[in-house]
Amino acid sequence: GRRMVYSRCVGWGGENAIHIRTLESGEDRVIRVRDGLPCCASWSPDERRLAYYALGDSGLATLTLLDLDTEVTTAVGAGAWFSRINWTADGGALIFSAAGWLTVRRLDLATMAESTVEFDGLTEVWDVALSPDGRRLAFAGQTADGPLSIWTASSDGGKIGRAHV
């Protein structure tokens, strides 16, 4: 059936959990997490894993994967920022904002290699969203001399175009 995922954060040392609710029945599966306060969970395309940020008591958010069959978590990146986590269509990589609002990162899950997706002329980037076909990104961003705008670019970065909304 249709499901949704959400986080319940009690505080440091509390019963912090990721909840998966089946919409038809209202039943919750509760997965306790001990690696920090969970935030911004995102389903993998095959719905067997979740990616989320775990905020530690140091204030550092760690990008974390949760295997839903085993409930095992794996930290896959540090210095992440709280915003949308995008899975590529094949489930092989994550695209997310990192290091504040300055960069977009791509994490290859097979090799754990992380790379920066760079955009021409932008000084800040917020809340990146990947198109369903994986070819384009949309995001809020700002140039050094302009206002905050909505932009689009190839998922590999490079030349940006202003979205017409």
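See the structure above.
This one's a predicted model, so the numbers in the text were calculated from it and none came from an experiment. (Residues numbered from 1 in each chain as written. Predicted model: local features only at pLDDT ≥ 70, side-chain atom pairs only at ≥ 80, totals over all residues. Heavy atoms only, no water.)

Draft legend 1. Looking closely at unusual backbone geometry. With a phi angle near 65°, Glu71 is a residue other than glycine that sits in the positive phi range. With respect to the helices and strands, the residue Glu71 is situated in the loop between strand S6 (61-67) and strand S7 (73-87). For Met112, which is not glycine, the phi dihedral falls at a positive 60°. Note that Met112 resides in the loop between strand S9 (103-108) and strand S10 (114-117). (Helix = DSSP H or I, 4+ residues; strand = E, 2+ residues; numbered from the N terminus.)

Draft legend 2. Focus on the pattern of salt bridges. By the definition in use, this model includes 5 salt bridges. Between Arg21 and Asp28 there is a salt bridge, with the nearest N and O atoms lying 2.9 Å from each other. The partly exposed category is assigned to Asp28, whose relative accessible area is 31%. (Salt bridge = Lys/Arg side-chain N within 4 Å of Asp/Glu carboxyl O. Buried < 20%, exposed > 50% of the residue type's maximum accessible area, 1.4 Å probe, protein only.)

Draft legend 3. Just the pairing of strand S4 (residues 37-43), in detail. As paired elements, S4 and strand S5 (residues 49-55) share 5 bridges and run antiparallel to each other. Note that in S5 the partner of Ser42 across the bridge is Ala51. Linking two consecutive strands that pair antiparallel, namely S4 and S5, is a turn of 5 residues; a positive phi of about 60° is found at Glu47 within it. (Pairing = 2+ DSSP bridges.)

Draft legend 4. Region of interest: the sheet that holds strand S14 (residues 160-162). Pairing is antiparallel across the open sheet formed by 4 strands, whose spatial order is S11-S12-S13-S14. Only two strands of the sheet have a single neighbouring strand rather than two, namely strand S11 (122-130) and S14. The average angle at which neighbouring strand axes cross in this sheet is 35°, direction not considered. The pairing of strand S13 (residues 149-154) with S14 spans 3 bridges and is classified as antiparallel. In the sheet register, Trp151 faces S14, and the bridge partner there is Arg162. (Axes fitted to C-alpha atoms, helices over the stretch in contact; angles between N-to-C directions.)

Draft legend 5. Inspection of the sheet that holds strand S2 (residues 17-22) at higher detail. In spatial order, the strands read S1-S2-S3; together these 3 strands make up an open sheet with antiparallel pairing. Each edge of the open sheet carries a strand with a single partner, namely strand S1 (3-8) and strand S3 (28-32). For this sheet, the mean inter-axis angle between neighbouring strands, taken without regard to orientation, is 20°. Taken together, the 6 bridges between S1 and S2 define a ladder with antiparallel strand orientation. Bridge pairing links Val5 to Ile20 in S2.

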